[in-house]
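# Understanding the architecture of this molecule
Residues per chain, in single letters:
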Amino acid sequence: MTGIAAMAVVIPAHNEQVLLPAALSAVSRAARHPALASTRLVVVVAADACTDATRSVAHGAGALVAPLDARNPGRARAAGAALALRTLGLDPEAVWIASTDADSEVPRRWLAHQLACAGQGWDAVVGTVRPHGWPPALGDVISRHLREYEAAGRPDLHPHVHGANLGVRADAYLGCGGYPALATGEDHALVAALRTGGHRVLRTRRFPVLTSARLTARARGGYGDHLGRLAEPVPRLGPDTAGGGGGPCQNSVTGTGGSGFP
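To keep things clear, this report deals only with the structure shown in the data block. The structure displayed is predicted, hence computed values, not measured ones.

Conventions we followed
- Residues numbered from 1 in each chain as written.
- Predicted model: local features only at pLDDT ≥ 70, side-chain atom pairs only at ≥ 80, totals over all residues.
- Heavy atoms only, no water.
- Buried < 20%, exposed > 50% of the residue type's maximum accessible area, 1.4 Å probe, protein only.
- Helix = DSSP H or I, 4+ residues; strand = E, 2+ residues; numbered from the N terminus.
- Pairing = 2+ DSSP bridges.
- Salt bridge = Lys/Arg side-chain N within 4 Å of Asp/Glu carboxyl O.
- Phe/Tyr/Trp six-rings, centres within 6.5 Å; stacked < 30°, edge-to-face > 60°.
- Lys NZ or Arg CZ within 6 Å of the ring centre and 35° of its normal.
- Patch = residues over 30% accessible without salt bridge, like charges linked within 9 Å, V, L, I, M, F, W, Y side chains within 5 Å.
- Areas by Shrake-Rupley, 256 points an atom, 1.4 Å probe, with all protein chains shown as cover.
- Lys, Arg positive; Asp, Glu negative; His and termini not counted.
- Charge placed at Lys NZ, Arg CZ, Asp CG, Glu CD.

This part covers helix α4 (residues 110-119). Along α4, eight of the 10 residues are buried, which leaves the element largely enclosed by surrounding structure. Of all the residues in α4, the buried ones are W110, L111, A112, H113, Q114, L115, C117 and A118. The first or second residue beyond α4 is G121, which carries a positive phi of 100°.

Below you can see the structure in the form of structure tokens.
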């Protein structure tokens, strides 16, 4: 199998001028990991129906912009992946597509971890998230949610799928049809198609991605929407916004089937 020569980070965004800078800064930090020294990287923001400064923020950080007017996360992720592959112009077998969200911050070793897993023969990496920045009144609700979230599944095999923490080899991505044009659940559909196609899918709890605990979700039926429903019975003050051993892939099991960027 061809080794990974390039990585693409795809970030869908709808009017995310406030949170996108932190997301891009975190990706830039991850891109500077020594493990990526010889790996080409492109970052694409899929600016979907944006009427704010999202595109300017992305351009200013050195990211490519895939503009569209769909109000559809599945189409946005697919548009971002398509632009990345056209820009790189490489054999898809040599490209890894990492996905996160505009309201999320990836850890420093996020890309290095996915690159290492690709080197071990995994076709996709499905990670977890941790909410941050919730209003103080929701502390008990979020703590209870986190306990349930972390307890789901076995210690080495979690059941979660998040577009904010996902990676896939481009040939596997294209072979299963890529992201479908769904308003929600496009990440689940992609992972299901990968498994159906017999690809090696690693579910790992290592290197969770921080994601905003804002209570007004952008996508119905997604993780943010779930947090909002949990918070509904809790009386709050203020607006519904967020407040202020072994190798890297050895602890998990699968089922089968201007800051600028370097």
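Now for the sheet that holds strand β7 (residues 129-132). In space, the three strands of this open sheet follow the order β5-β10-β7, with mixed pairing throughout. Across the chains shown, the open sheet's two edge strands, defined by having one partner strand only, are β5 (104-105) and β7. Where β5 lies against strand β10 (residues 209-212), two bridges are found, and the strand directions are antiparallel. Bridge pairing links E105 to L210 in β10.

A one-sided burial pattern is seen for β7, the buried positions being V129 and P131 and the unburied ones R130 and H132. Here β7 runs beside β10; their pairing, made up of four bridges, is parallel. Each bridged residue has a counterpart across the sheet, and for H132 the counterpart in β10 is S212.

Now for the pattern of salt bridges. Within this structure, the stated rule accounts for four salt bridges. The shortest N-O distance in the salt bridge between R77 and E186 comes to 2.8 Å. A residue pair is termed long-range when its members are at least 10 positions apart, and R77 in helix α3 (residues 73-88) and E186 in helix α7 (residues 186-196) qualify at 109 residues. A single burial state applies to R77 and to E186, both of which are buried. A salt bridge links R205 to E150; its shortest N-O distance comes to 3.6 Å. You can see R205 sitting in the loop between β9 (201-203) and β10 and its partner E150 sitting in helix α5 (residues 139-151), a full 55 residues away along the chain. On the accessibility criterion, R205 (18% relative accessible area) is buried.

Before going further, it helps to examine the packing of aromatic side chains. One pass over the structure, following the stated rule, counts one aromatic pair. The side chain of R200 reaches across the aromatic face of W122, ending 4.0 Å from its centre.

Turning next to a positive patch on the surface. Together, R29, R32, R108 and R109 make up a positively charged patch on the protein surface. Turning to its location among the elements, R29 is positioned in helix α1 (residues 20-31).

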